[in-house]
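Observations on the model geometry
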Amino acid sequence: MSKSKKLLILLFIILAAILIISFFAVKALCFGDKIVNSEKLLIDSTTLLQYETEKGQNIDMAVSGDIIVIGEKLYQVRIILNRQDDGECYGVENVDVKLAVDSNVEIVEAFYSANGPDYKIPEVDYSEGTKTVRCSSDRGYLDFRLILSGDKAEEALLNVGYDIAGKQMYSFNRFYGFEENIELHVR
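A brief report on the enclosed structure follows. What you see is a predicted model, and the numbers here were worked out from it, not measured in a lab.

Here's the deal with the environment of K6
- Among the structural elements, K6 can be located in helix α1 (residues 3-31).
- Measuring from C-alpha to C-alpha, the distance between K6 and E179 comes to 56 Å, with 173 residues separating the pair along the chain.

This is how it looks when you write it as structure tokens:
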């Protein structure tokens, strides 16, 4: 191979590298974003978590939690987490739902569905004085149902953790470690 062909190939490789680096730099600068506003609204038994980014993108997620009295010291708990319109620019990922109850409360039944029609059994962690029922979802949907029995079942505490991840041109944007305590409504 002649010296001019080697030089031409080297220049082509350098130009390609510069173009690739420039593309990612422009993408990071033009589509780099951050969350500038957040709100937590209560609408009946649903908590609406709203976020707004610097570029004007809105991210909404609804969390509904009810405790329904179905008998003497017997309660049905239903928790629904829904990111309905899974927007073009951002989505909810790595959802972790924890329901803490007194250790004297009996968990009669517990199951959940995440990301599809299959139901799973949640994990139960025991610590001093508390049972924590935990389930997770890769995306922003979860339907969690329990039947609890005991005096302090109405005092269950719900905690929801999640991340917000950019999509397509916003894919460099990831916001980690969001966590909210959600009020459960007794009916």
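This is not the end of the story, as more comes after the structure.
Describing the side chain of D96
- Here D96 lies in strand β5 (residues 90-102).
- For D96, a relative accessible area of 18% corresponds to the buried category.
- Of the polar contacts made by the side chain of D96, one reaches the side chain of R134; its length is 2.6 Å.
- Those residues in contact with D96, other than ones at most four positions away along the chain, are R134, C135, S136, N159, V160 and G161.

A word on the sheet that holds strand β12 (residues 174-182)
- On the basis of which strands lie adjacent, the open sheet formed by 5 strands has the order β8-β9-β5-β11-β12 and antiparallel pairing. Both edges of this open sheet fall to β8 (123-127) and β12, since each of them pairs with a single strand only. Averaged over all pairs of adjacent strands, the angle between their axes in this sheet comes to 20°, without regard to strand direction.
- The pairing of β5 with strand β9 (residues 130-139) spans 9 bridges and is classified as antiparallel. Its bridge partner being in β9, D96 is matched across the sheet by S136.

Let's talk about the nonpolar core
- Counting residues in hydrophobic clusters, the biggest one holds 38 residues, and the most contacted among them are L99, F144, L158, V160 and Y162.
- For L99, the residues in contact, after removing those within four places along its chain, are V77, I79, K131, T132, V133, F144, L146, A156, L157, L158 and L184.

Examining the environment of E109
- Structurally, E109 is set in strand β6 (residues 106-113).
- It is 9.2 Å that separates the C-alpha atoms of E109 and I121, two residues lying 12 residues apart in sequence.
- Those residues within four positions of E109 in sequence are excluded, and the remaining contacts are R145, L146 and I147.

Section: the pattern of salt bridges
- Applying the stated criterion to the full structure yields 10 salt bridges.
- Put simply, R187 and D44 hold a salt bridge, and the shortest N to O gap is 3.9 Å. Of this pair, R187 sits in the segment after β13 (185-186) while D44 is found in the loop between β1 (35-43) and β2 (46-53), placing the two residues 143 residues apart along the sequence.
- Residue D143 pairs with R78 through a salt bridge whose shortest N-O separation is 3.3 Å. Within this pair, whereas D143 is found in strand β10 (residues 141-149), its partner R78 is found in strand β4 (residues 74-82), the two being separated by 65 residues in sequence.
- Assessed through its relative accessible area of 31%, R78 is described here as partly exposed.
- Each of D44, D66 and R187 takes part in one network of salt bridges that share partners.

Looking at a nonpolar patch on the surface
- On the surface, L7, L10, L11, I14 and I18 cluster together to form a nonpolar patch covering roughly 460 Å² of accessible area.
- Inspection of the secondary structure assignment puts I18 in helix α1.
- Residue class for I18 comes out partly exposed when judged on its relative accessible area of 47%.

Notes on unusual backbone geometry
- The phi dihedral of D44 is positive, around 55°, even though this residue is not glycine.
- You will see that N94, though not glycine, has its phi angle at about 50°, which is positive.
- Mapped onto the elements, N94 comes out in strand β5.

Observations regarding the packing of aromatic side chains
- This model, assessed by the stated rule, comprises 7 aromatic pairs.
- A ring pair is formed by Y162 and F178, whose centres lie 5.6 Å apart and whose planes are at 10°; its orientation type is stacked. In this pair, Y162 is assigned in strand β11 (residues 157-166) and F178 in strand β12, connecting sequence segments 16 residues apart.
- On the accessibility criterion, Y162 (2% relative accessible area) is buried.
- Three or more aromatic residues link up through ring pairs in this structure, and these residues are Y51, Y162 and F178.

Each value, and the rule that gives it
- Residues numbered from 1 in each chain as written.
- Predicted model: local features only at pLDDT ≥ 70, side-chain atom pairs only at ≥ 80, totals over all residues.
- Heavy atoms only, no water.
- Helix = DSSP H or I, 4+ residues; strand = E, 2+ residues; numbered from the N terminus.
- Buried < 20%, exposed > 50% of the residue type's maximum accessible area, 1.4 Å probe, protein only.
- Polar contact = N/O pair within 3.5 Å; in protein donor to acceptor, adjacent residues only side chain to side chain.
- Contact = heavy atoms within 4.5 Å.
- Pairing = 2+ DSSP bridges.
- Axes fitted to C-alpha atoms, helices over the stretch in contact; angles between N-to-C directions.
- Core = buried A, V, L, I, M, F, W, Y, C linked by side-chain atoms within 4.5 Å.
- Salt bridge = Lys/Arg side-chain N within 4 Å of Asp/Glu carboxyl O.
- Patch = residues over 30% accessible without salt bridge, like charges linked within 9 Å, V, L, I, M, F, W, Y side chains within 5 Å.
- Areas by Shrake-Rupley, 256 points an atom, 1.4 Å probe, with all protein chains shown as cover.
- Phe/Tyr/Trp six-rings, centres within 6.5 Å; stacked < 30°, edge-to-face > 60°.

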